[in-house]
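Observations on the three-dimensional arrangement
This is what each chain is made of:
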There are 2 protein chains.
Amino acid sequence: MARETLNREQIVRAAIELLDAEGIDGLSMRKLGQKLGSAATAMYWHVGNKENLLVLAADEVWSEVRLPDVPAVGWRTAARELMYAARELCDRHRWLVRVITTYVGYSDGMARFQECAYETFETAGFRDADLDWAVSTPFMFVTGLAFMTSTEAAEVKERASRNPAAQSEEEAAVVAQAQAIAAKYPRLAASGEAQARRGESFSEQVDEVFAFGVRTILDGLEARLGARSDSV
Amino acid sequence: MARETLNREQIVRAAIELLDAEGIDGLSMRKLGQKLGSAATAMYWHVGNKENLLVLAADEVWSEVRLPDVPAVGWRTAARELMYAARELCDRHRWLVRVITTYVGYSDGMARFQECAYETFETAGFRDADLDWAVSTPFMFVTGLAFMTSTEAAEVKERASRNPAAQSEEEAAVVAQAQAIAAKYPRLAASGEAQARRGESFSEQVDEVFAFGVRTILDGLEARLGARSDSV
DNA sequence: ACCTGAACACCGTTCAAGT
DNA sequence: ACCTGAACACCGTTCAAGT
């Protein structure tokens with residue numbers, strides 16, 4: 001079954017598969033060409049260049065997000081759901097944070113999500129510049145956390161916490177060195193020991209940080225709201 | 001005045017200069033060799049490989065941070081100062097966030113900073129796992145914001161907001177397209193118009209988001225503290 | 001102990017030439 | 001309108017060979 005001709009959607013889908021499977025460094029125009037049975041340079045006719053291809057891929061995956069019904073669930077639940085949805089999306093597509101922060105790709109998929117965030121915090125009672133800031137704050141947090149869990153470093157830490165046997169010698173050495181440094185600082189040492197006693201994997205710890213951070217930020221936003229209405 | 005021999009510090013310093021001047025993609029082993037008057041491959045003897053060089057550079061710049069005197073200023077001021085210090089560091093060295101999130105480089109410079117963060121939130125009253133989470137939350141926010149302002153995308157947005165004349169045609173087209181998308185969503189459109197009326201540059205807006213986020217997170221942490229002591 | 005040069009296996013992108 | 005192949009200007013890294 002021969003394919004008549006390449007098209008943009010097909011290329012974007014293949015790129016997403018490659019990105020999900022091999023990470024952001026796993027995508028090269030040559031590999032993509034191979035996957036599609038074409039010359040690497042054939043892509044350029046359809047997507048312009050690699051940067052644009054990444055932006056198109058990012059837009060595509062944003063459509064996976066289910067948005068909350070803000071009036072029905074209320075702002076606090078809606079905000080929490082948006083934060084969790086963004087985090088899960090970044091977790092499923094570990095290349096996504098890098099792409100959306102690196103390139104100016106304001107796509108429909110992201111705009112739709114952001115519009116819902118604006119609706120959420122408008123419902124909460126934020127207006128004007130406050131509204132912009134209230135929307136941004138939770139997503140800076142999500143971006144930061146997504147970043148820390150989207151890199152090779154996170155995979156190394158996960159392996160170290162879950163089954164040290166799967167580590168390469170080199171990896172184990174890096175982890176051991178990190179522990180040696182922490183050991184010199186009393187509070188870091190104590191925290192490290194306590195963490196070891198709790199026996200959680202790296203990703204479990206990250207999940208808890210996320211849950212804590214979401215509550216903290218929502219509480220903080222409520223406090224801002226209170227401060228506002230007091231001063232009015 | 002001939003240099004006797006290369007050494008690690010010298011290479012790291014040159015790398016930092018190159019990184020600061022040209023960004024993370026501006027550093028290549030060949031350019032670095034040229035800057036130092038050596039073969040690119042001479043670096044490998046001193047620093048092992050590029051990843052390690054980046055980790056060494058990151059460690060080096062952490063020493064620039066001045067830490068607050070926690071007992072003297074109190075936890076809330078200390079926490080704010082730590083957040084601002086981290087942000088300024090990431091602003092001076094726009095490659096830093098990428099390096100510390102990408103590689104497992106737990107260096108002395110970072111450990112020292114983190115120890116102070118632990119002291120700060122311990123002083124606030126956080127203990128055990130709560131303490132770990134309280135330390136992490138503000139820095140996920142800082143990381144996320146630093147990221148959004150450390151990329152080429154941020155420079156494009158800055159130019160667009162400050163003097164559109166400095167934009168290339170291609171850049172202007174991307175910005176115009178982003179605005180066209182936002183225009184389709186009522187709240188995004190309204191926010192964009194209000195922002196235009198306020199006439200702030202991108203970096204001014206980011207500064208305000210940061211200030212808002214810091215207050216919000218500190219308020220949120222205070223709320224957590226209150227919840228704890230209620231339940232005890 | 002420290003450095004060089006050639007070499008290898010990659011990149012993204014351009015562009016003339018083909019159909 | 002769509003695709004190919006060669007070519008260009010880059011990468012990081014290895015390694016034998018030099019001093």
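Just so we're clear, the structure is a prediction, and the values are computed from it rather than from any experiment.

**Some details on the side chain of arginine 98 of chain B**
Along the chain, arginine 98 of chain B falls in helix 7 (residues 96-102). For the buried arginine 98 of chain B, which has no salt bridge, the nearest side chain bearing the opposite charge is aspartate 25 of chain B, at an N-O separation of 6.6 Å. Polar side-chain contacts of arginine 98 of chain B include one of 3.3 Å to the side chain of threonine 102 of chain A. Every residue in contact with arginine 98 of chain B, bar those within four places of it in the chain, is listed here: Arg98 and Thr102 of chain A together with Ile24, Phe147 and Thr151 of chain B.

**Examining the protein's contact with DNA strand D**
For DNA strand D, the set of nearby residues contains 17 residues, the closest of which are Trp45 and His46 of chain A together with Arg30, Thr41 and Lys50 of chain B. Close to the protein, within 4 Å, the atoms of DNA strand D are drawn from sugar and phosphate at a rate of 56%. The side chain of histidine 46 of chain A places a nitrogen or oxygen atom 2.5 Å from a phosphate oxygen of DNA strand D. Interatomic distance of 3.1 Å between a backbone N/O atom of methionine 29 of chain B and a phosphate oxygen of DNA strand D. Secondary-structure elements contributing two or more residues to the surface near DNA strand D are helix 3 (43-47) of chain A together with helix 2 (29-36) of chain B. Looking at the surface near DNA strand D element by element, the count peaks at three residues for helix 2 of chain B. Each residue belonging to the surface near DNA strand D can be placed in one class, and the counts come to seven nonpolar, seven polar and three charged.

**Thoughts on the packing of aromatic side chains**
For the coordinates displayed, the defined rule picks out 17 aromatic pairs over all chains. Aromatic side chains phenylalanine 121 of chain B and phenylalanine 126 of chain B sit 6.3 Å apart centroid to centroid with 65° between the ring planes, which places their arrangement in the edge-to-face category. Neither phenylalanine 121 of chain B nor phenylalanine 126 of chain B differs from the other in exposure class; each is buried. Relative to phenylalanine 210 of chain B, the ring of phenylalanine 141 of chain B has its centre 5.9 Å away and its plane inclined at 15°; by these criteria the two rings are stacked. Here phenylalanine 141 of chain B is found in helix 9 (residues 128-148), whereas its partner phenylalanine 210 of chain B is found in helix 13 (residues 202-231), with 69 residues between them in sequence. Pair check on accessibility: phenylalanine 141 of chain B and phenylalanine 210 of chain B agree, each one buried. Among the aromatic side chains, those forming a connected cluster through ring pairs are Trp75, Phe121, Phe126 and Trp133 of chain A together with Phe212 of chain B. Here arginine 224 of chain A stacks its cationic end above the ring of phenylalanine 212 of chain B, 5.9 Å away from the centre of that ring.

**A word on the UniProt feature "domain: HTH tetR-type" (unreviewed entry) in chain A**
UniProt records the feature "domain: HTH tetR-type" (unreviewed entry) for residues 5-65 of chain A in the present numbering. As annotated, residues 5-65 of chain A comprises 67% helix and 0% strand, and the C-alpha atoms at either end are separated by 30 Å.

**Side note on the protein's contact with DNA strand C**
The full set close to DNA strand C counts 17 residues, and Arg30 and Lys50 of chain A together with Ala39, Trp45 and His46 of chain B are the nearest of them. Protein-adjacent atoms of DNA strand C, using a 4 Å cutoff, are sugar or phosphate at a proportion of 56%. A distance of 3.0 Å separates a phosphate oxygen of DNA strand C from a polar atom in the side chain of tyrosine 44 of chain A. Contact between DNA strand C and threonine 41 of chain B: a base oxygen at 3.0 Å from a side-chain N or O atom of the residue. Those elements giving two or more residues to the surface near DNA strand C turn out to be helix 2 (29-36) of chain A together with helix 3 (43-47) of chain B. Sort the elements by how many residues they give to the surface near DNA strand C and helix 2 of chain A lands first, with three residues. For the surface near DNA strand C, the class distribution of residues is seven nonpolar, seven polar and three charged.

Thresholds applied
Residues numbered from 1 in each chain as written. Chains lettered and ligands numbered in written order. Predicted model: local features only at pLDDT ≥ 70, side-chain atom pairs only at ≥ 80, totals over all residues. Heavy atoms only, no water. Helix = DSSP H or I, 4+ residues; strand = E, 2+ residues; numbered from the N terminus. Buried < 20%, exposed > 50% of the residue type's maximum accessible area, 1.4 Å probe, protein only. Lys, Arg positive; Asp, Glu negative; His and termini not counted. Salt bridge = Lys/Arg side-chain N within 4 Å of Asp/Glu carboxyl O. Polar contact = N/O pair within 3.5 Å; in protein donor to acceptor, adjacent residues only side chain to side chain. Contact = heavy atoms within 4.5 Å. Near = heavy atom within 4 Å. Nonpolar A, V, L, I, M, F, W, Y, C, P; charged D, E, K, R; others polar. Phe/Tyr/Trp six-rings, centres within 6.5 Å; stacked < 30°, edge-to-face > 60°. Lys NZ or Arg CZ within 6 Å of the ring centre and 35° of its normal. UniProt positions renumbered as here; feature names shortened; annotations may be inferred.

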